[in-house]
Amino acid sequence: MPMAVGIEANPLVTVVIGVNGAGKTTTVARLASRSRKEGRRVLLACADTFRAAAAEQLQIWGERLDMPVLTQLPGSDAGAVVFDAVKKGLGRGFQEVLIDTAGRLPNRKGLLDELRKIHTVAGKAMEGAPHRVLLVLDGTVGQNAFSQAEQFMQAMPVTGLVITKLDGTARGGSVLAMASRLGIPVEYIGVGEDLEDLVEFDLTDFLHALLDMDASCR
Ligand SMILES: Nc1nc2c(ncn2[C@@H]2O[C@H](COP(=O)(O)OP(=O)(O)OP(=O)(O)O)[C@@H](O)[C@H]2O)c(=O)[nH]1
Ligand SMILES: [Mg+2]
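Below, the structure is looked at part by part. On a predicted model such as this, the values are computed, not experimentally measured, just so you know.

## Observations concerning the nonpolar core
Here is step 1 of the chain: Leu44, Ala45, Val82 and Leu135 are the most contacted members of the largest nonpolar core, which has 62 residues in total.
Here is step 2 of the chain: At six residues, strand 2 (residues 42-47) tops the list of elements feeding residues into this core.

Set out below in structure tokens:
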């Protein structure tokens, strides 16, 4: 059961969005790995039909995790991949469908429209999908991430944030402030480059770590 999200959908459909290089694909792989450890059957889908190497990158993760990956050729319709993935998830007894999307700057209208379409198409394939929309933000970019997040939120109802690259940065405090201004919970943080380096966000632990870091800087 996906306790972290508290949503009982079968399959649970998650879409991962964010700017280029924020850590979306890595996050998809890490979430998949966590779910598999809980014994859940996961289908990965690459709705990044924009960048040629994107499907290949997710396929490599799929091989490493021994999980099926649904892809399409570059230039094809991202919505079609999402529709197929959700239908396959429903029809073949997967408990989770994790959808990776193309990296995009939110000021490109066409790309935000594509996200809107992905959202609509997922809902057509399964009522209520996507159940979870995770916006991945690079924890090293600071305030810039705030306006990016606001724009993404216009394209899809973001349910949670994933803040990556919090290893080796002292920007943790500004990230927290940002999440509270956006009114969206931080679900996970990325703290390194390994598969295991995605941890559930716990405010108390985080504040302690921040205070320790602050104390060691004095
Ligand atoms: N240090 C560190 N590196 C990370 C973390 N998360 C992701 N990365 C690295 O960030 C880089 C980009 O990650 P990707 O997952 O490919 O990012 P993406 O958002 O899918 O990128 P595009 O598909 O090009 O938009 C990779 O080199 C990752 O290893 C993290 O928590 N800490
Ligand atoms: Mg990617």
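## What about the site of ligand 1?
Here is step 1 of the chain: By nearness alone, 18 residues border ligand 1, and Gly23, Thr25, Thr26, Gly103 and Gly190 come closest of all.
Here is step 2 of the chain: Looking at the shell around ligand 1 element by element, the count peaks at three residues for helix 1 (residues 24-37).
Here is step 3 of the chain: Across the shell around ligand 1, the residue classes break down as three nonpolar, 10 polar and five charged.

## Some words on the packing of helix 1 against helix 2 (residues 54-65)
Here is step 1 of the chain: Orientation of helix 1 relative to helix 2, taken along the N-to-C sense of each, is 20 degrees, at an axis distance of 10 Å. Judged by the inter-axis angle, helix 1 sits roughly parallel to helix 2. Crossing geometry of helix 1 relative to helix 2 is assigned as right-handed. Along its contact with helix 1, which presents Thr25, Ala29, Ala32, Ser33 and Arg36, the element helix 2 presents Gln57, Leu58, Trp61 and Leu65.
Here is step 2 of the chain: Split by residue class, the contact of helix 1 with helix 2 holds five nonpolar, three polar and one charged.

Parameters at a glance
- Residues numbered from 1 in each chain as written.
- Chains lettered and ligands numbered in written order.
- Predicted model: local features only at pLDDT ≥ 70, side-chain atom pairs only at ≥ 80, totals over all residues.
- Core = buried A, V, L, I, M, F, W, Y, C linked by C-beta atoms within 7 Å.
- Buried ≥ 20, exposed ≤ 12 C-beta atoms within 10 Å, placed from the backbone.
- Helix = DSSP H or I, 4+ residues; strand = E, 2+ residues; numbered from the N terminus.
- Near = placed C-beta within 6 Å.
- Nonpolar A, V, L, I, M, F, W, Y, C, P; charged D, E, K, R; others polar.
- Axes fitted to C-alpha atoms, helices over the stretch in contact; angles between N-to-C directions.
- Parallel < 35°, antiparallel > 145°, perpendicular 65-115°, else oblique.
- Left-handed = near helix turned anticlockwise from the far one by under 90°.
- Contact = placed C-beta atoms within 7 Å.

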